[in-house]
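# Chains, contacts and geometry: an overview
This is what each chain is made of:
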Amino acid sequence: MGFLRSWHRRRMLARTRLDPALWQRVADSLPFLRGLTDAEMGRLRELAILFLAEKEMHGTHGLELTDAVRLSIAVQACLPVLNLGLEWYEGWVGVIVYPGEFRVRKEEMDELGVVHTFDEGLSGEAWPGGPVVLSWQDAGMTGAGYNVVIHEFAHKLHMLRGDDEGFPLAHGDMDPAAWRDVLKRAYARFCAEVDSGAPTVIDEYAGEHPAEFFAVMSETFFTDSAVLARDYPELYAQLAQFYRQDPAGVLPGTASGGK
Ligand SMILES: [Zn+2]
């Protein structure tokens, strides 16, 4: 991070007053933050303040963005980069929030070359180099294994530095071959489970595409970590290295990453 940027950020933090009651209320509404230490909560609070200062969040279709809505989105968006830094969200500024599901027009070409146009209802969308679009109604339904904000912001990570399949690239303190290998094998295993017709604990949507697999597994990593650590221990260990977090608390001092 450049000197000037870091100076601006320190100044921003020094002069921003965040209402402690509002912070507490938002933090209490997000149960998956409960495993964070006081130091981590402090860092998350700082990141959220900087996120709100550096990104432009707009409500659309009559949705008024209250301070609580803005802070909640910022906190959830910053959780994945808590130990990576806001630099991972560089190159775009917009967050657009719809009151509920939004419809977008899509076109798809079939095997015969015929282009089909259809409307699709979406709860979130992330544009490469562009905004993140969220449905506040869906963002408010966060629960174990389901979090629209984390899902869309995870897409931003592979869009910043990803391979051509849709997985994010390993960063400096990771083994790139192990990362790729574990992601690919876990994705193949998940797709086979979906194809078998058996119900999956983790959202089937993860089988749509490697990028969706990463986004859904990131949701699970942060909001249903024990399930991911139990069912996909190797993937959990790799995601823990990628995010530099261990939400299930299963890794420190042990070699419990493998099966
Ligand atoms: Zn997605």
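Residues numbered from 1 in each chain as written. Predicted model: local features only at pLDDT ≥ 70, side-chain atom pairs only at ≥ 80, totals over all residues. Heavy atoms only, no water.

## Let's talk about the nonpolar core
- One finds L33, F51, F213, L235 and Y243 to be the most contacted residues of the largest nonpolar core, which totals 75 residues.
- What L33 contacts, discounting residues up to four positions off in sequence, is A27, M41, L44, V75 and L79. (Core = buried A, V, L, I, M, F, W, Y, C linked by side-chain atoms within 4.5 Å. Buried < 20%, exposed > 50% of the residue type's maximum accessible area, 1.4 Å probe, protein only. Contact = heavy atoms within 4.5 Å.)

## Structural notes on the packing of helix α6 (residues 148-160) against helix α8 (residues 210-223)
- Closest axis-to-axis distance for the α6/α8 pair is 8 Å, and the angle between their directions is 130°. Of the possible angle classes, the one that applies to α6 and α8 is oblique. Seen along the crossing, α6 lies across α8 with a hand that is right-handed. In this structure, α6 contributes V148, I150, H151, A154, H155, L157 and H158 to the contact, and α8 contributes A211, E212, F214, A215, V216, S218, E219, F222 and T223.
- By residue class, the composition of the contact of α6 with α8 is nine nonpolar, five polar and two charged. (Axes fitted to C-alpha atoms, helices over the stretch in contact; angles between N-to-C directions. Helix = DSSP H or I, 4+ residues; strand = E, 2+ residues; numbered from the N terminus. Parallel < 35°, antiparallel > 145°, perpendicular 65-115°, else oblique. Left-handed = near helix turned anticlockwise from the far one by under 90°. Nonpolar A, V, L, I, M, F, W, Y, C, P; charged D, E, K, R; others polar.)

## Quick word on the coordination of the zinc ion
- H151 (NE2), H155 (NE2), E212 (OE) and E212 (OE) make up the full set of protein donors to the zinc ion, lying at 2.0 to 2.8 Å.
- Read N to C, the donor residues that coordinate the zinc ion are spaced as H-x3-H-x56-E. Note that H151 is positioned in helix α6 and E212 in helix α8, a separation of 61 residues in sequence.
- The class for H151 is buried, based on a relative accessible area of 7%. (Donors = N, O, S within 2.8 Å, 3.2 Å for Na, K, Ca; no water.)

## Describing the side chain of Q245
- For Q245, the location among the structural elements is in the segment after α10 (233-243).
- Within the local environment of Q245, its side chain forms a polar contact with the backbone oxygen of L79, the two atoms lying 2.8 Å apart.
- If near-sequence neighbours (up to four positions away) are discounted, Q245 is found in contact with L36, L79, P80, L82, N83, F221, F222 and A240. (Polar contact = N/O pair within 3.5 Å; in protein donor to acceptor, adjacent residues only side chain to side chain.)

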